[in-house]
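Structural features, examined
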Amino acid sequence: MDPLGAPSQFVDIDSLPAWNDYCEADQLDSHKTQVEKPQLDARSPFPYRKDINAKIILWTGNVALLNCTAIVNTSNESLTDKNPVSESIFMHAGPDLRDELQKLKGTVRRFLEIHGETLEKVVFAVSEIEQATYQKLLPLYFPRSLEEECHSLPCLPADIGNSEGEPVVPERQIRISEKPGAPDDNSDEEGLEADISFIGSHAFARMEGDVDKQRRLILQGQLSEAALQKQHQRNYNRWLCQARAEDLSDVASLKALYQTGVDNCGRTVMVVVGRNIPVTLIDMEKALLYFIHVMDHIAVKEYVIVYFHTLTSDYNHLDSDFLKKLYDIVDIKYKRNLKAVYFVHPTFRSKVSTWFFTTFTVSGLKDKIHYVENLQQLFTAIPPEQIDFPPFVLEYDARENGPYYSSYPSSPDL
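Residues numbered from 1 in each chain as written. Predicted model: local features only at pLDDT ≥ 70, side-chain atom pairs only at ≥ 80, totals over all residues. Heavy atoms only, no water.

1. Considerations on the pairing of strand 7 (residues 303-308)
In terms of burial, strand 7 is largely enclosed, as six of its six residues are buried. Going residue by residue along strand 7, you find Y303, I305 and Y307 tucked away on one face and V304, V306 and F308 tucked away on the opposite face as well. Two strands pair when backbone bridges link them, and strand 7 and strand 8 (residues 338-344) are joined in this way by six bridges, in the parallel orientation. Counterpart to Y303 in the pairing with strand 8 is L338. (Buried < 20%, exposed > 50% of the residue type's maximum accessible area, 1.4 Å probe, protein only. Helix = DSSP H or I, 4+ residues; strand = E, 2+ residues; numbered from the N terminus. Pairing = 2+ DSSP bridges.)

In structure tokens:
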């Protein structure tokens, strides 16, 4: 309140609610599934921090009217950008502000993690139009609970910058040493001749292309192989985190995927029962998550898959789009350590579909597919006592091919 008793137009930051308290009652309304005990072995790069959240404020209003120490507003490189917000700031701050502008780099989150003790509050002053966007984005970087942290992880962008929150451009990183071009062994014994031998061999001395052109190619989608691998790994980790947090008991109850024994080479045998996959009745995204949940620790070493196509119908056939999505999402270890897929009791139609899929979609699988017409052929690669058979598979094989053994190991639960 000014000396004349009129209410002040400026807003005191201490009167604004913190992010911890902002819409706390319905912060998890957007999540369809409640997670009681989130799996924290794949933590978010922005973990739940109550102390940091207490410093964050989301406020709808004019930033120029905040009673604060400093204001940060986006601008162009020359700091001459003009818009209603910047004009309002200049109007209230006076002409001296133009001489003292400084550009703040890095994300607010990383800045608070490193320099949080020096700041009391950080206010995101937004318009009514921007408010909904900030309400969706803030939980990614400032989760208000462990549950919200876990649910936000899959939504984080691929590039979250370095430890300071700044974007990383490897081409622009330069390392300065006392003797550029010489090894860092602090040894002077080899003298000038050794120093000269390294001239031109250091990365900084090699001819490089236009860095800005390379960046444009990356932005246009022409990523390098290393960058693609890094992005793929980050994407898989998000799926893995979601798979560990999701309730997948309904998919597990189908008993369509399970681990059994080992083959003749000592490799883990995984069984897929096609007839137990009701494609039209289950959530296929949950099926994908369940596959990742089960297979992540299996795929770290060599393994084989036995797929029982026995007595499947059109309601059990996985379409090629789902299989392609699964193949693209899984980690490289799945593909590297998969040594064989035994396709048991195939039909002519399934052979044709598999040929097209492995020829034109995922050619890396083609040489690993082995069609098995009867169980006797399967036993040449995997001992019968190492496989838990669904009873209907045994009955079908005995009816079509005749019994080769007096009894097969079967699982009454399948």
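2. What to know about helix 11 (residues 320-329)
Note: α-helices contain 3.6 residues per turn, so residues at a spacing of three or four share the same orientation. For helix 11, the set of buried residues is F322, L326 and I329. Looking down the long axis of helix 11, one finds its buried residues gathered within 70° of arc, a one-sided arrangement. The N-terminus of helix 11 is capped by D319, whose side-chain oxygen sits 3.1 Å from the backbone nitrogen of D321. (Arc of directions from axis to C-beta. Polar contact = N/O pair within 3.5 Å; in protein donor to acceptor, adjacent residues only side chain to side chain.)

3. Quick word on the sheet that holds strand 6 (residues 268-273)
Here we have five strands laid out as an open sheet, ordered 5-6-7-8-9, and mixed in their pairing. Lying at the two open borders of the sheet, with one neighbouring strand each, are strand 5 (257-262) and strand 9 (369-372). Strand-to-strand, the axes of this sheet are offset by a mean angle of 25°, without reference to chain direction. Bridge count for strand 8 against strand 9 is four bridges, and the pairing is parallel. When the bridges of strand 9 are listed, V341 appears paired with I369. Contacts from helix 10 (residues 284-295) reach strand 5, strand 6 and strand 7 within the one sheet, and its direction differs from that of strand 5 by about 25°. Across the sheet, helix 13 (residues 348-360) touches strand 8 and strand 9, and the angle it forms with strand 9 is around 175°. (Axes fitted to C-alpha atoms, helices over the stretch in contact; angles between N-to-C directions. Contact = heavy atoms within 4.5 Å.)

4. Overview of the side chain of K368
With respect to the element layout, K368 can be found in the loop between helix 13 and strand 9. Despite its burial, K368 remains without a salt bridge, the nearest opposite charge being carried by D367 at 9.0 Å. Filtering out sequence-adjacent residues up to four positions away, K368 remains in contact with K335, L338, K339, A340 and V341. (Lys, Arg positive; Asp, Glu negative; His and termini not counted. Salt bridge = Lys/Arg side-chain N within 4 Å of Asp/Glu carboxyl O.)

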